[in-house]
Amino acid sequence: MNVKFYFFIIITFFVSLIFLLSCSRPERHYESSYEVVKMSRTDFENAVKITSPVKMKKAGKIYIKDNYLFIGDTNRGFHIYDNSNPEKPVLIAFLEMPGVTDIAIRNDVFYANQAVDLIAFKLDIDKKQVQILKRIKNTFPELESPDRFDGYVKDDEVIVDWNEKGKSDEKN
């Protein structure tokens, strides 16, 4: 093969490359399919309480403490069952704790990741009382959406959940 042929191939390659690189591509804007559920920091910190039983939305982990069974409801709280008869546990209350996904229990102290905070607390289920022993703010990163996007909130707000866009969140 001669030099002119190689020169033609090289010039054709570079012209094609320049042409392909100069083609405009449409811009892609990626955004979450979910919208943030947020609370003010004050409301968030005061939201931990024992209430009447509510409907389970998103079952999570199960814990047993003494004669009680705790079933997590992701980002909402824990359903509390009287488990004194393990063959027939009875739903008796709901531990409301926005943003929670997990707890640990040692002796009579519960530890929970309430969204970005780590909290230690005691429960008196019979009196329906929660005693917060310690709150360490901003221990954990903000909750991200199920499709892995970060949310943006003001300094005095906390992300406690994400709802799919276009779907309303039914209460209880």
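No experiment lies behind these values; they were computed from the predicted model shown.

What counts, and where the lines are drawn
- Residues numbered from 1 in each chain as written.
- Predicted model: local features only at pLDDT ≥ 70, side-chain atom pairs only at ≥ 80, totals over all residues.
- Heavy atoms only, no water.
- Helix = DSSP H or I, 4+ residues; strand = E, 2+ residues; numbered from the N terminus.
- Rg over C-alpha atoms; globule rule 2.2 N^0.38 Å.
- Buried < 20%, exposed > 50% of the residue type's maximum accessible area, 1.4 Å probe, protein only.
- Contact = heavy atoms within 4.5 Å.
- Core = buried A, V, L, I, M, F, W, Y, C linked by side-chain atoms within 4.5 Å.
- Lys, Arg positive; Asp, Glu negative; His and termini not counted.
- Salt bridge = Lys/Arg side-chain N within 4 Å of Asp/Glu carboxyl O.
- Polar contact = N/O pair within 3.5 Å; in protein donor to acceptor, adjacent residues only side chain to side chain.
- Pairing = 2+ DSSP bridges.
- Axes fitted to C-alpha atoms, helices over the stretch in contact; angles between N-to-C directions.

Caption draft 1: Spatial organisation of the overall build of the protein. Looking only at helices and strands, the protein has 2 helices and 11 strands in total. The order of helices and strands in the protein, counted from the N terminus, is α-β-α-β-β-β-β-β-β-β-β-β-β. On C-alpha atoms alone, the protein measures out to a radius of gyration of 27 Å, which is more than a quarter above the 16 Å that the 2.2 N^0.38 rule sets for 172 residues. Seen through its principal axes, the protein has C-alpha atoms that stretch 95 × 40 × 35 Å. Looking at the protein residue by residue over its 172 residues, the buried ones come to 32%. Within the protein, residue pairs in contact and separated by at least 24 positions form 47% of the contacts whose partners lie at least 6 positions apart.

Caption draft 2: A look at the nonpolar core. By size, the foremost hydrophobic cluster in this structure holds 17 residues, and its most contacted members are F70, F78, L95, M97, A112, F121 and L123. Broken down by secondary-structure element, the contributors of at least two residues to this core are β5 (77-82), β6 (90-96), β7 (100-106), β8 (109-114) and β9 (117-124). With 3 residues, the single largest contributor to this core is β9. The contact partners of L95, leaving out residues within four places of it in the chain, are V48, K49, I50, R76, G77, F78, I80, F121, L123 and V130. Counting 8 residues, the second largest nonpolar core, distinct from the first, contains F44, V158, I159 and V160.

Caption draft 3: Quick peek at the environment of L123. Residue position: L123 is located in strand β9. Considering only alpha carbons, one finds L123 and K49, 74 residues apart in sequence, at a separation of 9.4 Å.

Caption draft 4: View of the side chain of D161. Within the fold, D161 resides in strand β11 (residues 157-164). The buried charged residue D161 lacks any salt bridge partner; its closest oppositely charged side chain belongs to K58, at an N-O distance of 5.5 Å. In this structure the side chain of D161 is engaged in a polar contact, spanning 2.9 Å, whose partner is the side chain of N75. Filtering out sequence-adjacent residues up to four positions away, D161 remains in contact with E35, V36, V37, N75 and L143.

Caption draft 5: Representation of the pairing of β8. Burial analysis of β8 places 5 of its 6 residues in the buried class, which makes it a mostly covered element. Here β7 pairs with β8 via 5 bridges, running antiparallel. Bridged to V100 within β8 is Q114. The hairpin formed by β7 and β8 contains 2 residues between the paired strands, and N107 there has a positive phi angle of roughly 55°.

Caption draft 6: Expanded view of the side chain of D73. Positionally, D73 belongs in strand β4 (residues 68-73). Within the local environment of D73, its side chain forms a polar contact with the backbone nitrogen of K57, the two atoms lying 3.1 Å apart. When residues no more than four places from it in sequence are discounted, the contact partners of D73 are K55, M56, K57, K58, A59, G60, H79, F94 and V100.

Caption draft 7: Just the sheet that holds β7, in detail. The antiparallel open sheet is built from 4 strands, whose spatial order is β7-β8-β9-β10. On the outer flanks of this sheet lie β7 and β10 (129-136), each paired with one strand and no other. Strand-to-strand twist across the sheet, computed as the mean angle between neighbouring axes with direction ignored, equals 25°.

Purely spatial values, then, with no claim about function.
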